[in-house]
Each structure stands twice: as structure tokens, then as C-alpha cells.
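One letter stands for each residue in the lines below.
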Amino acid sequence: MQSFSALSKALYQQALRGSARVPWARVLWRATPPACARGLQAAPLPARHVAAAAAAAANSTTQQQARSASYMPFMEDITYLTQEQAQSLDAELMGPLGFSVDQLMELAGLSVACAAATEYPTSTHPRVLVVAGPGNNGGDGLVAARHLHHFGYSVSICYPKPTDKPLYTGLITQCRSLGIPFLSAEELQAGGPLSSRFDAALDAMFGFSFKGAPRPPFDGIIEMMKPGAQPPPVVAVDIPSGWDVEHGDTSGAGLRPDMLVSLTAPKLCARQFAGQHHYLGGRFVPPQIRDKYQLRLPAYPGVSQCVRIGGSGRSPAAGPANVADLRVSYGGAGQSLDEADMSEAGPLAEFDAWFKLAASSGLAEPNAMCLATASPSGAPSARYVLLKGYDERGFVWFTNFDSTKGKQLEENPFASLAFWWEPLQRQVRIEGIVEKLPDEESDAYFYSRPRGHQIGSLVSMQSTPLRRGRAELEERAARLEAQYADESIPVPRPPHWGGFLLRPLCIEFWQGRPSRLHDRLRYVRPSVDAQEWRLERLSP
Ligand SMILES: Cc1cc2nc3c(=O)[nH]c(=O)nc-3n(C[C@H](O)[C@H](O)[C@H](O)COP(=O)(O)O)c2cc1C
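Residues numbered from 1 in each chain as written. Predicted model: local features only at pLDDT ≥ 70, side-chain atom pairs only at ≥ 80, totals over all residues.

### Examining the sheet that holds strand S8 (residues 306-310)
Which entries qualify depends on this criterion: At least two bridges found by DSSP between two strands is the condition for calling them paired. Strands are runs of DSSP state E lasting at least two residues, helices are runs of H or I lasting at least four, and both sets are numbered from the N terminus onward.
Within the open sheet, the eight strands sit side by side as S3-S2-S1-S4-S5-S6-S7-S8. Their pairing is mixed. If you trace the sheet from one side to the other, it starts and ends with strand S3 (182-183) and S8, each paired once. One ladder, built from four bridges, connects strand S7 (residues 277-281) with S8; its direction is antiparallel. Paired with Gly281 across the bridge in S8 is Cys306.

### Considerations on helix H11 (residues 218-225)
The condition is simple: Counting other C-beta atoms within 10 Å of its own, a residue is labelled buried from 20 upward, exposed at 12 or fewer, and partly exposed in the gap between, with every C-beta atom placed from the backbone. In this description, one arc is meant: the one made by directions from the helix axis to the C-beta atoms.
Those residues of H11 not exposed but buried are Phe218, Ile221, Ile222, Met224 and Met225. Down the axis, H11 shows its buried residues gathered within 155° of arc, on one side only.

### Quick look at the site of the ligand
Our working rule: A molecule or strand has a residue near it when that residue's C-beta atom, placed from backbone coordinates, lies within 6 Å of it. Amino acid classes used here: Ala, Val, Leu, Ile, Met, Phe, Trp, Tyr, Cys and Pro are nonpolar; Asp, Glu, Lys and Arg are charged; the rest, including Gly, are polar.
Neighbouring the ligand are 16 residues, the closest being Arg383, Thr399, Ser403, Thr404 and Ser463. Within the residue set of the shell around the ligand, elements represented by two or more residues are strand S10 (380-386), strand S12 (394-400) and helix H14 (404-411). Of the residues forming the shell around the ligand, the biggest block, five residues, is contributed by S10. Residues of the shell around the ligand, tallied by class, amount to six nonpolar, seven polar and three charged.

### Let's talk about the packing of helix H16 (residues 451-459) against helix H17 (residues 470-483)
Rules: Angles shown run from 0 to 180 degrees and are taken between the N-to-C directions of axes, each axis being a line fitted to C-alpha atoms and, for helices, limited to the stretch in contact. With respect to orientation, any angle under 35 degrees is reported as roughly parallel, any angle over 145 as roughly antiparallel, any angle of 65 to 115 as roughly perpendicular, and every other angle as oblique. Crossing handedness follows the turn of the near helix against the far one: under a right angle anticlockwise gives a left-handed crossing, and clockwise gives a right-handed one. Here contacts are defined at the residue level, using C-beta atoms placed from the backbone and a cut-off of 7 Å between them.
Closest axis-to-axis distance for the H16/H17 pair is 9 Å, and the angle between their directions is 125°. Classed by the angle they form, the pair H16 and H17 counts as oblique. H17 is crossed by H16, and the crossing has right-handed handedness. Contacts between H16 and H17 involve Ile455, Leu458 and Val459 on the former and, on the latter, Leu473, Arg476, Ala477, Leu480 and Glu481. A per-class count over the contact of H16 with H17 returns six nonpolar, no polar and two charged.

### Quick notes on the confidence of the model for the protein chain
Our working definition: Values of pLDDT, ranging from 0 to 100, describe the predictor's confidence in every residue of the model.
For the protein chain, the average pLDDT comes to 85, and 82% of its residues sit at 70 or higher. Predicted confidence for residues 53-76 stays below pLDDT 50, and this span has 64 contacts to residues more than four positions away or in other chains. Every residue in residues 315-319 scores below 50 in pLDDT, and together they form one contact with partners more than four places removed in sequence or on other chains.

### Examining unusual backbone geometry
Residues Pro216 and Pro217 are joined by a peptide bond in cis, for which omega reads 0°. Structurally, Pro217 is set in the loop between strand S4 (200-204) and H11. One non-glycine residue with positive phi stands out, namely Gln230, at about 50°. Structurally, Gln230 is set in the loop between H11 and strand S5 (234-237). A tally of 10 C-beta atoms within 10 Å means that Gln230 is categorised as exposed. Despite not being glycine, Gln425 has its phi angle at roughly 55°, a positive value. With respect to the element layout, Gln425 can be found in the loop between strand S13 (414-421) and strand S14 (426-436). Residue Gln425 is classed as buried on the basis of its C-beta count, with 25 C-beta atoms lying within 10 Å.

What follows is the structure, given as C-alpha cells:
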């Protein structure tokens with residue numbers, strides 16, 4: 001059997017032989033500034049990628065989440081309603097079945113308050129914000145606010161577009177009479193991060209009849225409640241605001257609530273809910289409705305107004321109950337990867353489309369990639385680095401050449417990169433040969449960095465032991481910061497710091513599919529300068 005290092009040496013020599021022949025990639029790199037210098041720009045995405053993103057989001061429910069409480073049914077066993085079904089069911093309740101809108105609202109709001117109080121008790125989450133929209137969902141929120149007040153919470157309401165109907169004016173009067181303050185949208189938005197003022201927030205802005213994109217001031221309030229703004233836990237009433245009732249957060253602009261309280265029955269979008277707590281409320285469904293709509297819903301325990309039906313059930317800090325049970329179901333309609341769909345311009349163009357989609361999927365660092373290198377004897381070593389550019393030549397990152405990875409690449413220039421873009425259920429794997437970037441390109445990137453980062457490159461002798469502990473690092477940082485305190489003195493790029501370029505020999509595109517029957521399409525070429533790529537499908 002050929003040893004790894006003998007094999008890699010043979011491959012390397014073969015690849016280099018090829019690379020000496022056709023230096024086209026270098027020419028292209030010079031013709032256009034490297035992406036790392038240009039910055040990665042967002043561009044319109046091909047429709048099929050948008051469909052893939054929506055489909056991925058639609059199927060991100062974890063079976064692990066569904067099992068986390070013993071009485072909880074499997075998500076698959078529960079009925080999810082379309083928008084039309086939800087509307088006709090409501091009409092039937094308020095028609096032949098004799099309910100009034102006030103009654104349904106009262107019961108819905110009560111179950112929301114009960115569910116929220118179950119997960120976010122007054123002892124830990126005393127200050128609650130309720131944001132109410134102009135429709136019935138907002139009414140549910142006002143009722144919930146009143147109940148939460150009676151449960152002992154300090155409640156504030158933001159109701160920017162009040163509805164001038166007796167039902168709603170009555171709810172406002174009830175809340176005001178309890179001393180619940182009403183904040184205007186301006187006051188809410190001017191008051192700094194929500195987490196500094198509230199311990200939980202109720203999203204009762206838009207319900208199952210809502211269509212289109214949220215308008216001001218709701219769009220701004222939604223921004224304050226999105227994960228990027230680090231809000232307190234968000235509890236969505238029936239539909240997370242900004243979501244399509246059937247397809248979920250298709251625009252990517254919707255909320256990512258920690259808790260969802262579905263009312264009467266979950267709507268189709270609830271399949272995508274990936275937060276901690278999913279409850280069902282609205283304990284009023286009569287048998288006629290249950291039978292007509294063939295509703296499969298769990299029984300409410302005892303006298304409870306709500307029942308848990310999903311969610312991970314744990315705080316992120318608590319960690320998983322059982323690691324082996326952490327299991328995500330991948331894939332869904334529209335999420336396939338077909339040979340015919342791959343870019344005619346080749347794998348780098350395909351990567352470009354995938355990367356842009358990943359960059360728009362809400363990931364904080366879509367450019368984080370696992371870089372695997374190996375010692376000359378083949379001992380592997382992996383770590384994350386940040387992709388800082390890519391173009392026809394390959395993939396660029398910056399590091400310390402004297403680090404472990406730097407030394408390994410010096411001696412064994414084969415490396416492998418892997419990206420995992422969880423919201424898209426997509427992985428990209430790249431293998432190839434690594435070389436140092438030309439000095440002028442490393443300089444260009446070095447001087448595009450904040451001055452503090454430039455000094456940081458001088459400070460850290462990456463991967464070497466700090467024999468005197470962190471103090472040694474901090475003393476060195478202080479010394480160099482003093483040395484370069486005068487900003488007119490440029491910080492020299494240290495010779496041991498710069499960019500690496502991986503020139504790919506193979507690039508694999510992986511799309512998660514149901515039952516672990518994933519799609520894998522791999523492009524391979526015999527040398528790093530060969531222009532032709534062979535596309536093959538691999539078993540998952
Ligand atoms: C998300 C993430 C991004 C990182 N990006 C870089 C990077 O771009 N360059 C780098 O040298 N180290 C980066 N690091 C640190 C490396 O993972 C690693 O600790 C360091 O490079 C030393 O690795 P080595 O000893 O294997 O050479 C990053 C770490 C994380 C978690």
C-alpha cells in the first residue's frame with residue numbers, strides 16, 4: 001500500500017507539472033483585484049438558490065427537539081394548517097359554532113400568557129414587553145398583556161396602530177386601568193436595546209391573515225427583536241412576525257423567536273420553528289371542527305390552557321440532554337442538487353453563488369472554514385480560519401507562516417477546506433495545493449486591516465508556547481502599541497505574516513437531503529491549471 005506522504009508527493013508533483021503549463025489563473029487574478037482586496041460583495045442570487053434556501057429553512061425541525069419532553073408528540077403527528085384552512089376554521093368557529101371574536105381572543109390571549117409564564121416565570125423574567133399589531137393577533141397580545149399583569153409581571157405595551165373598534169378600545173381601557181404603560185413606537189425605538197429594559201418580549205404583531213412585508217414602524221421593531229440585536233427571549237403569538245404563514249421566513253427578514261405559541265392548531269410555517277419552546281394554546285376546539293379538519297392535536301394536560309408540542313426545551317447554556325439524540329432531519333421539496341443546475345462556468349462560479357447565498361442566510365461568519373493541513377508524515381491538524389478572498393485562482397486566507405499550519409504547509413503543501421452553512425444545510429469541501437500569495441497581495445490586505453490588527457500580527461508568535469503565561473503576550477502588545485503609537489509611522493507587515501492561496505484540485509458541493517440520502521456533486525481536475533473539470537456524483 002502506498003503511504004499517504006508518498007501518495008501526496010506523487011499527486012503534488014503531478015499537479016505541479018500541470019500547473020507549469022497553463023498559468024491562466026494567475027493572469028485572471030492580476031486582471032481583476034483579488035476579492036480579498038475588493039471585499040465580498042452581495043449580488044442577486046439565482047432563483048434556484050433562493051428556492052433552496054427557503055426549502056432548507058422549511059425543513060430545519062429537529063427530531064431531537066420533538067422528543068425533549070416525554071408527553072410531547074412527534075412533530076410529524078401534528079396537523080399543520082394552511083392559511084386557507086386557518087381562515088375557514090376561524091370563520092366556522094365564529095359562525096355555526098357560536099363563538100364570538102371576543103371569546104376566542106380572550107382564550108387565545110390567556111393561553112399565550114400561560115405558556116409564556118411557564119417558560120419565563122416572573123422570578124427570572126419580571127419585565128415583559130408586548131408589541132401588538134393592528135389585527136386580531138394584536139388583540140391576542142393585549143389580552144395576554146392583561147393576564148401577564150395579573151400573573152405579577154411588570155408589563156409594557158407598544159400598540160402603534162390601534163384599531164378603533166369597541167373590542168380593542170375596551171382592551172386598551174382594561175390595560176390602562178391596570179396602570180400598564182403604553183409606549184409609542186418612537187419611544188420604544190429610542191430607548192436603546194430591548195434587553196436593557198425587558199426580560200421577555202411578546203410578538204403579537206401579525207397573525208395568519210397577514211401578507212406581504214411588515215411596514216413602518218413594525219419593520220423597525222422587528223429589527224430590534226431579531227437575534228442580531230441580542231433581544232430578550234421573544235415569544236411569538238401564532239406566527240412569528242415577518243413570516244409567511246405557510247412558507248415561513250421566506251424573505252429572511254422575519255423574527256427568530258425563542259418561543260412560539262400556536263393557536264387552535266399550528267400553521268404550516270411552524271414546521272420551521274427552531275426555537276426552544278413550541279406550545280399550543282386555544283383550548284376551545286369542538287369535536288365538529290376536530291373531525292372536519294381531521295386535526296391531530298395533543299391533549300391538554302389537566303386544567304392547563306397550553307400544551308408543549310416542540311422546541312428544544314433547553315436553554316442554550318444547559319447543553320444537550322443526550323448528545324446521541326442530537327439529530328437534524330435534512331432536506332425537503334426543492335432542495336435537490338442536480339447536475340443540470342450546476343453553473344456552466346464551473347465550480348468556482350458555483351462556489352460564488354453558494355457563498356453569496358450563505359452570506360445572506362444570517363450566518364455571522366459564512367467565511368469561517370475548517371482548514372486541514374498535515375505534517376510531512378501525514379499527521380493531520382485542523383482549525384478554523386477566515387476565507388478572505390476567492391477568484392478563478394482559488395481560495396485565500398491570512399495567517400502566520402511560522403504557525404503550525406504555516407510550517408506544515410511549507411513542508412507539505414496539500415490542504416483541505418470545509419465550509420458548513422447550517423441554515424442552508426450545505427457543505428462545500430475543497431482540496432488542493434497551497435502556495436503563498438505574492439507579497440504585494442499580502443501587503444494590500446495587511447494595510448486594509450485596522451491598525452490594531454496590524455499590530456496584533458506583530459505581537460503574536462502564533463502557535464508557540466507562552467512560557468510566562470498571558471502576561472508575556474500582553475507585555476509584548478503594550479511594547480509594540482507604544483512603539484507604533486504615532487499613527488504616522490506605518491506598521492511594517494512582518495515577513496512571517498501573509499496570505500496563502502489554495503489552488504483547488506477538487507471541489508465538492510453537498511446538499512442535505514432526507515433520510516441521509518444527501519446529494520454530493522464533486523468537480524475534479526488532474527492539475528491546478530487544467531481548465532476542464534470532471535463532474536461526478538458521489539454516494540452520500
Ligand atoms: C472562526 C475562526 C476564524 C479564525 N480565523 C483565523 C484566520 O483567519 N487566521 C489565523 O491565523 N487564525 C484564525 N483563527 C485561529 C485558528 O483557528 C488557530 O487557532 C490559529 O491559526 C493557530 O492555528 P495553528 O496552530 O494550527 O497554526 C480563527 C479561529 C476561529 C475560531
